[in-house]
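# An overview of the molecular structure
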Amino acid sequence: MAKIIVVTSGKGGVGKTTSSAAIGTGLALKGYKTAIVDFDIGLRNLDLIMGCERRVVYDFVNVINGEANLKQALIKDKRVDKLFILPASQTRDKDALTKEGVERVLTDLKKDFDFIVCDSPAGIEAGALMALYFADEAIVTTNPEVSSVRDSDRILGILQSKSKRAEEGLEPVKEHLLLTRYNPERVERGEMLSVEDVQDILAIDLLGVIPESKAVLNASNSGQPVILDSDSDAGQAYLDTVSRLVGEQIDFRFLSVEKKGLLKRIFGG
């Protein structure tokens, strides 16, 4: 049965679109037919990170309004089989997303896909609420800083009260914590919250810890999901995250400061 996963946060700039792209790509790499849907109407960044911005003809709002069908709007990824992108509109406002229209599109996607990853805008405005309303699972993305964690706590409250599952008295949305831009050295210096600090505040299961990495920016600038850079620490961390998402038992990495060997201490690096 198809599963709808929302990648959400209370604060902007924490890496939701990067994470949506990486997780959707990772699921497709594991053989699951996956669609990543951009809910950020008016901005539209997912297609840039996925490197398919020049291939956008129709978008999410066109499908909702009946101006195009799903087959016309979905963009098939050229690198990963079973991966598709439904881009957002850059010219409409967020009110273009109606509950009935979004439900119709998601219902159609569920007929043909194993996973639907919803890339949510930040905060609690209309587009963000619409992205999380139909979710079966939520990946709450946060940086290890107080303001980001506090805003994520607010999102958890909305998931527990304003989702379709909450309204209908169904089993609650399954919540996962994704901690991004983690830097163990800064944690040791007391400049950043630790994994344990964030877990204590949010009290949800830890899905992944993505280290602060130049590879993320490099991948975004080249239009490639960072999970495809399997030599990078961030790419490896997203691969681990996707494995945990589908039920595999994977140890966490990149949580502590790497101890430098003698040669590294002498010569640097």
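This text gives an overview of the structure that appears in the document.

Conventions we followed
- Residues numbered from 1 in each chain as written.
- Predicted model: local features only at pLDDT ≥ 70, side-chain atom pairs only at ≥ 80, totals over all residues.
- Heavy atoms only, no water.
- Phe/Tyr/Trp six-rings, centres within 6.5 Å; stacked < 30°, edge-to-face > 60°.
- Helix = DSSP H or I, 4+ residues; strand = E, 2+ residues; numbered from the N terminus.
- Buried < 20%, exposed > 50% of the residue type's maximum accessible area, 1.4 Å probe, protein only.
- Lys NZ or Arg CZ within 6 Å of the ring centre and 35° of its normal.
- Pairing = 2+ DSSP bridges.
- Contact = heavy atoms within 4.5 Å.
- Axes fitted to C-alpha atoms, helices over the stretch in contact; angles between N-to-C directions.
- Core = buried A, V, L, I, M, F, W, Y, C linked by side-chain atoms within 4.5 Å.
- 1 Å grid on protein atoms, 1.4 Å probe; cavity = no way out; pocket = protein on both sides within 12 Å on 5 of 7 lines; lining within 4 Å.
- Points joined across faces, edges and corners; volume = space filled by probe spheres on them.
- Nonpolar A, V, L, I, M, F, W, Y, C, P; charged D, E, K, R; others polar.
- Left-handed = near helix turned anticlockwise from the far one by under 90°.
- Salt bridge = Lys/Arg side-chain N within 4 Å of Asp/Glu carboxyl O.
- Disulfide = S-S within 2.5 Å.
- Expected span 1.5 Å × (residues − 1).
- Arc of directions from axis to C-beta.

### Let's talk about the packing of aromatic side chains
All told, the structure shown has 4 aromatic pairs when counted by the stated rule. Taken together, a centroid distance of 5.1 Å and an interplanar angle of 90° make the contact between Tyr-32 and Phe-115 edge-to-face. Highlighted residues: Tyr-32 in the loop between helix H1 (16-29) and strand E2 (34-38) and Phe-115 in strand E5 (residues 115-119), separated in sequence by 83 residues. A relative accessible area of 30% places Tyr-32 in the partly exposed class. Taking NZ or CZ as reference, Lys-33 lies 5.0 Å from the ring centre of Phe-113, over its face. Directly above the aromatic system of Tyr-133 lies the positively charged group of Lys-99, at a separation of 4.0 Å from the ring centroid.

### Observations regarding the pairing of strand E1 (residues 3-8)
Burial of E1 is extensive: 5 of the 6 residues sit out of reach of the surface. Here 5 bridges tie E1 to E5, and the two strands are oriented parallel to one another. The partner of Val-7 across the bridge, within E5, is Asp-119. Where E1 lies against strand E6 (residues 137-142), 4 bridges are found, and the strand directions are parallel.

### Digging into the sheet that holds E5
Spatially, the 8 strands line up as an open sheet ordered E3-E4-E2-E5-E1-E6-E7-E8, and their pairing is mixed. A strand with exactly one partner marks an edge of an open sheet, and here the two such strands are strand E3 (75-76) and strand E8 (205-211). Sheet strands touched by helix H5 (residues 99-110): E1, E2, strand E4 (83-86) and E5. Its angle to E5, the strand with the most contacts, is close to 145°.

### Regarding the nonpolar core
By size, the foremost hydrophobic cluster in this structure holds 51 residues, and its most contacted members are Phe-39, Phe-60, Val-102 and Leu-109. Counting residues per element, this core draws most heavily on helix H7 (residues 146-162), which supplies 5 residues. Val-102 has contacts with Phe-39, Phe-60, Ile-64, Leu-97, Met-130 and Phe-134, leaving out every residue within four places of it along the chain. Val-80, Ile-210, Ala-215 and Ala-219 belong to the second largest nonpolar core, which has 32 residues in total.

### Points about the layout of surface pockets
In this approach the atoms are scanned with a rolling probe the size of a water molecule, which exposes any empty space left behind. Of the voids in this model, the largest pocket is the one considered here, and its volume is about 470 Å³. Residue lining of the largest pocket: 27 residues in total, with Gly-13, Gly-15, Lys-16, Thr-18 and Arg-181 positioned closest to the centre. Mapped onto the lining of the largest pocket, the elements with two or more residues apiece are H1, strand E7 (174-182), E8 and helix H11 (214-221). In terms of residue count, H1 provides more of the lining of the largest pocket than any other element does, 4 residues in total. In the lining of the largest pocket, the residues fall into 10 nonpolar, 11 polar and 6 charged.

### Here's the deal with the packing of H7 against helix H10 (residues 195-202)
Viewed as axis vectors pointing N to C, H7 and H10 meet at an angle of 35°, and their least axial separation amounts to 10 Å. As H7 runs across H10, the sense of the crossing is right-handed. Of H10, the residues touching H7 (which contributes Val-149, Ser-152, Asp-153 and Leu-156) are Val-198, Ile-201 and Leu-202. Counted by class, the contact of H7 with H10 contains 5 nonpolar, 1 polar and 1 charged residues.

### Observations concerning the pattern of salt bridges
In total, this model carries 15 salt bridges according to the counting rule given. One salt bridge in this structure joins Lys-76 and Asp-81, with 3.3 Å as the shortest N-O distance. Taking the relative accessible area as the measure of exposure, Lys-76 reaches 37% and is therefore partly exposed. Owing to a relative accessible area of 52%, Asp-81 belongs among the exposed residues under this scheme. Ionic pairing is found between Asp-136 and Arg-165, a salt bridge with its closest N-O pair at 2.9 Å. Of this pair, Asp-136 sits in the loop between helix H6 (126-133) and E6 while Arg-165 sits in helix H8 (residues 164-167), and the two are 29 residues apart along the sequence. Look at Arg-165 and you get partly exposed, because its relative accessible area is 22%. Salt bridges here are not isolated pairs; linked through shared partners, they connect Glu-103, Lys-164 and Glu-168.

### Regarding the state of the cysteines
Enumeration according to the criterion identifies 0 disulfides in this entry. Here Cys-118 is not cross-linked by a disulfide; its sulfur's nearest cysteine counterpart is in Cys-52, at 16 Å.

### Observations concerning H7
Given a rise of 1.5 Å per residue, 17 residues ought to cover 24 Å, and the 24 Å separating the end C-alpha atoms of H7 matches this to within 8%. Listed as buried for H7 are Ser-148, Val-149, Ser-152, Ile-155, Leu-156, Ile-158 and Leu-159. Take H7 and look down its axis: the buried residues cluster within an arc of 165°, on one side only. Facing away from the buried side of H7 by more than 90 degrees, the exposed set consists of Val-146, Arg-150, Arg-154 and Gln-160. Looking at the buried residues of H7, the elements they touch are E1, H6, E6, H8, E7 and H10.

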